[in-house]
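# Remarks on the overall topology
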Amino acid sequence: MSAKIGASAAEMAQALAAGETTSVELTQAHLERIEAVDGGLNAFLHVASESALADAAASDERRRAGQLSSNLDGVPVAVKDVLTTTGMPTTCGSKILQGWIPPYDATVVARLKAGGLPILGKTNMDEFAMGSSTEHSAYGPTRNPWDLDRIPGGSGGGSAAAVAAFEAPLALGTDTGGSIRQPGAVTGTVGVKPTYGGISRYGLVAMANSLDQVGPVTRTVLDSALLHELIGGHDQLDSTSIDKPLPGLVTAAQQGALGDLSGLRIGVIKELQGEGYQHGVLARFNEAVDLLVDAGAQRVEVSCPSFTHALAAYYLIMPSEASSNLARFDAMRYGMRISPEGIADPSAEQVMRATRDAGFGDEVKRRIILGTYALSTGYYDAYYGQAQRIRTLITRDFNAAFDKADVLVSPTSPTTAFKIGEKLDDPLSMYLQDVATIPANLAGVPGMSLPSGVADEDGLPTGLQILAPAMADDRLYLVGAALEAMLEAQWGGSLLANAPSAPTGMGGQS
Ligand code: GLN
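Residues numbered from 1 in each chain as written. Predicted model: local features only at pLDDT ≥ 70, side-chain atom pairs only at ≥ 80, totals over all residues. Heavy atoms only, no water.

### Remarks on the site of the ligand
Rules: The cutoff for a nearby residue is simple: one of its non-hydrogen atoms must lie within 4 Å of the molecule or strand. Any N or O atom pair separated by 3.5 Å or less is treated as a polar contact, with the protein-specific requirement of one donor-capable and one acceptor-capable atom, and with residues adjacent in sequence counted only for side-chain atom pairs. Only the protein chains shown count as covering a residue, and every accessible area follows the Shrake-Rupley method with a 1.4 Å probe. In this classification, Asp, Glu, Lys and Arg are treated as charged, Ala, Val, Leu, Ile, Met, Phe, Trp, Tyr, Cys and Pro as nonpolar, and every other residue, Gly included, as polar.
Lining the immediate environment of the ligand, one finds 15 residues, of which Thr 176, Gly 177, Ser 179, Tyr 314 and Asp 434 sit closest. Asp 434 has a polar side-chain atom sitting 2.4 Å from a nitrogen atom of the ligand. Contact with the protein chains hides 100% of the accessible area of the ligand, taken as 290 Å² for the molecule alone. Within the shell around the ligand, the residues separate by chemical class into 5 nonpolar, 7 polar and 3 charged.

### A word on the layout of surface pockets
Under the convention used in this document: Using a grid of 1 Å spacing that covers the protein atoms alone, one calls a set of points a cavity when a 1.4 Å probe fits there but cannot get out, and a pocket when the set is open and has protein on both sides within 12 Å along at least five of seven lines; lining residues are those with an atom within 4 Å of a point. Grid points are joined across faces, edges and corners, and a volume is the space filled by probe spheres set on the points. Numbering of helices and strands starts at the N terminus; helices are DSSP runs of H or I of at least 4 residues and strands are runs of E of at least 2.
In this structure, the largest pocket occupies an estimated 330 Å³ of space. When contributions to the lining of the largest pocket are tallied by element, the ones reaching two or more residues are α8 (221–231), α9 (249–256) and α17 (473–491). Looking at the lining of the largest pocket element by element, the count peaks at 4 residues for α17. Counted as a void, the second largest pocket has a volume near 250 Å³. Forming the walls of the second largest pocket are 15 residues, and the residues nearest its centre are Tyr 104, Leu 204, Val 205, Ala 206 and Arg 328. Here the lining of the second largest pocket is composed, by residue class, of 8 nonpolar, 4 polar and 3 charged.

### Points about the pattern of salt bridges
What counts, and what does not: Every case where a carboxyl oxygen of Asp or Glu lies within 4 Å of a side-chain nitrogen of Lys or Arg is listed as a salt bridge. Each residue is placed in one exposure class: buried if its accessible area under a 1.4 Å probe, protein chains only, is under 20% of its type's maximum, exposed if it is over 50%, and partly exposed if it falls in between.
Under the definition given, this model contains 17 salt bridges. One salt bridge connects Arg 353 with Glu 349, and the closest N-O pair in it is separated by 3.2 Å. In this pair, Arg 353 and Glu 349 are both assigned in helix α12 (residues 348–359), 4 residues apart and thus about one turn of the helix distant. We note that Arg 353, like Glu 349, is exposed. In this structure, the salt-bridge partner of Lys 365 is Asp 357, at a minimum N-O distance of 3.2 Å.

### Regarding the packing of α8 against α17
For clarity, the threshold we go by: Here, axes are lines fitted to C-alpha atoms. For helices the fit covers the stretch in contact, and angles between N-to-C directions go from 0 to 180 degrees. Angle categories are assigned with fixed cut-offs, so that under 35 degrees is roughly parallel, over 145 is roughly antiparallel, 65 to 115 is roughly perpendicular, and the rest are oblique. A contact between two residues is defined here by any heavy atoms of the two lying within 4.5 Å.
Two elements in contact, α8 and α17, have axes whose closest approach is 9 Å; the angle formed by their N-to-C orientations is 155°. The orientation of α8 relative to α17 falls into the category roughly antiparallel. Every residue of α17 that contacts α8 at Val 221, Ser 224, Ala 225 and His 228 is listed here: Asp 473, Tyr 477, Gly 480, Ala 481 and Glu 484.

This is the structure:
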């Protein structure tokens, strides 16, 4: 059983092609793994066993008929619960949407289905994607497969934990300020936030429209490239979708794996290291940069001074957009509706107030209040307007840095996974987890996090972030695959293969 679930998605696709396994067998193996380990992890909010097995049987049927829908046809996938799915609940980790079954599929979900990937279920997340630990889910926290007392990152901790624990070979995440990359870093998985507009947002329940992006969560760089190519590209249902073909991502990953980076300039961002970064995180980062240089890349130092204001700008822009997006949860259209106690004939406004009070958690309320305040007359210019100006400066810093370097690198997150509960009462220190990931969202440029090793002091995984200019997502895959190949040669296999979350650990089947 472990051979089946331990492989990469690309290897699973090969095994299917070679007739060594079937999609039903693969899907069944993952469902059994979920059954065995998810009680401890809480990575899934909904497991769709029946429809996944039916999809798998249909895939096997297509294979017999020689009519495959994509090169991942038959390989199962998990989907973050912020993406709409027909026939499956979509809760966004919130009580307010408990039991809501959307009438349409997100474009990315439709593309998974069109590609023939059985959907295993929906993964846990911080409520409305607000958080860095998945502790803000109304359905209980997800735990990190490396250490069940620790957080798996957020907001997409469910997708990252599911992939790290071999419950799914592939998952979809969303990244508004780091929610794919930071969970990737703290669980030892690969995660990509594509260029803004590179992947459709249609059916992604909006937190902050100008920042949100869907992206792949996988165990290898090549798997992310395969998934990214399948779900990416223009969508006329999303007005911000870029009407240009994606660059060749799979080709870039394959070329990168050959390990030759000569001629490539790697920019190390001065502002994203040093104070506040854990020792082991920096040590693994610096060693990884040395490896890139060994592969022929040229190291250059770049400075992006306005990045020091990115977190502040983000925590005005994001809540402003979120406060207006979340106004749609008004007890009339979707999900929960609560009648206030002791009022015989409540008005719409009273029902709305009671529902929003009971349906939203503290973090969501905090951000709605912050966003509403920042947008109010008299304050707009002082807060939102200033934040937008910083956003422009950040884009300029990126442009200047990309004049000097083809890609930029930094640690993905300043620390490894912290303990559950450790930062819950300290929102600011939680927000700081995303200090290195947020600039990319503000500028719309693509970023990848991939495992760079484990920190000596705690044995927990840490990640390296690669950033590229908009629409040059292929560079992430080129550099990521090169680094992954060199690191795996050192480790004697992938980081996760030797992790406590490997199929032999955690009480799953071996
Ligand atoms: N952790 C960040 C926040 O809480 C980013 C969230 C995200 O990317 N969805 O806003």
